[in-house]
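So you can see what is in the structure, the chains are spelled out below.
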Amino acid sequence: AQSVAQPEDQVNVAEGNPLTVKCTYSVSGNPYLFWYVQYPNRGLQFLLKYITGDNLVKGSYGFEAEFNKSQTSFHLKKPSALVSDSALYFCAVRAFNTDKLIFGTGTRLQVFP
Amino acid sequence: DTAVSQTPKYLVTQMGNDKSIKCEQNLGHDTMYWYKQDSKKFLKIMFSYNNKELIINETVPNRFSPKSPDKAHLNLHINSLELGDSAVYFCASSQADSRPNSPLHFGNGTRLTVT
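In this report, we go over the structure that sits alongside the text. Each residue is numbered by its place in its chain's sequence as written, counting from 1. Chain letters start at A and ligand numbers start at 1, both assigned in the order the entries are written. With the structure being a predicted model, the display of local features is reserved for residues of pLDDT at least 70 and the display and counting of side-chain atom pairs for 80 or more, all residues being used for whole-chain, interface and lining totals. Processing note: side-chain calculations cover all non-hydrogen atoms of the structure and skip hydrogens and water entirely.

1. Digging into the interface of chain A and chain B
Across the contact, 20 residues belong to chain A and 20 residues belong to chain B. Buried area counts how much accessible surface, traced with a 1.4 Å probe, disappears from two parts once they are put together, with both parts' losses summed. For the chain A and chain B pair, buried surface summed over both sides reaches about 1,700 Å², with 54% attributable to carbon and sulfur atoms. Looking at the side of chain A facing chain B, the largest losses of area belong to A:Leu44, A:Lys100 and A:Phe103, adding up to 26% of the total buried there. Definition used for salt bridges: Asp or Glu carboxyl oxygen within 4 Å of a side-chain nitrogen of Lys or Arg. Taken together, the links from chain A to chain B amount to 1 salt bridge. The shortest N-O distance in the salt bridge between A:Lys100 and B:Glu58 comes to 2.9 Å. Think of a polar contact as two N or O atoms within 3.5 Å of one another; within protein, one of them needs to be a possible hydrogen donor and the other a possible acceptor, and neighboring residues in sequence only count if both atoms come from side chains. At the junction of chain A with chain B, the criterion picks out 8 residue pairs in polar contact (both at pLDDT 80 or more). For the side of chain A that touches chain B, the elements supplying multiple residues, two or more each, are β5 (31-38), β6 (44-50) and β10 (87-95) of chain A. For the side of chain A that touches chain B, the leading source of residues is β5(A), giving 4 residues. Ten residues, namely Ala, Val, Leu, Ile, Met, Phe, Trp, Tyr, Cys and Pro, are considered nonpolar, four, namely Asp, Glu, Lys and Arg, are considered charged, and the remaining ones, Gly among them, are considered polar. Residue composition of the side of chain A that touches chain B, grouped by class: 10 nonpolar, 4 polar and 6 charged. Two residues form a contact once any of their heavy atoms are found within 4.5 Å. Counting from the N terminus, the helices are the DSSP runs of H or I reaching at least four residues and the strands are the DSSP runs of E reaching at least two.

Here's what the structure looks like:
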């Protein structure tokens, strides 16, 4: 069965510092991986995805994520955090040949001024 | 010009009542979804419809019944509401047929509170 884990409930980082939000996955076959962000009282917004090709994927708002097949990870990164990046971040995985997108439990990112 | 819109935004009701949540998307997408987000923010898929046909039906009580009158609408009807149904329900859509890995577009959610 496919699954995705976000080991940190919360990540705190100072504005201007780099940030990493961790995600590991488990699927049969090639994974399709996604990151979404949720601001308070809003729906999820798509940030980026990995389907195939380059392991480093660039997305919206300066975010990027690195696919690491050997470690089954897809960590979200940003070189310089902004206070406005504070939100709830979800990693998601879809296994090849399924329609179902499975979300992780979410990581709350808090960026302090 | 909201892409995925849900109504109502808030729904407060008593146990045992029947209620509906409506969802409409104006993106021309062929697939629509209902997700439930609990108090711990855990997000779980409930249903998925592709071109008005049910394709995903997770282990959800049969008190929950989705209805898709056309490709742009997916409504969720809940019978005999229970306290445990309190959650935020999100509608989403995607263009799954022609772009299998196209991202989901979410509505802003309906916060259901059952008292």
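2. Some words on the pairing of β5(A)
All names here are of chain A. For β5, a buried count of 8 out of 8 residues is recorded, marking the element as mostly surrounded by other parts of the structure. Burial along β5 is two-sided: Pro31, Leu33, Trp35 and Val37 facing one way and Tyr32, Phe34, Tyr36 and Gln38 facing the other are all buried. Here 6 bridges tie β5 to β6, and the two strands are oriented antiparallel to one another. Paired with Gln38 across the bridge in β6 is Leu44. Count of turn residues in the β5/β6 antiparallel hairpin: 5 residues, of which Asn41 carries a positive phi of about 60°. Accessibility here uses a 1.4 Å probe with only protein chains present; expressed as a share of the type maximum, an area under 20% marks a residue as buried, one over 50% as exposed, and anything in between as partly exposed. Pairing between strands requires that DSSP locate at least two bridges from one strand to the other.

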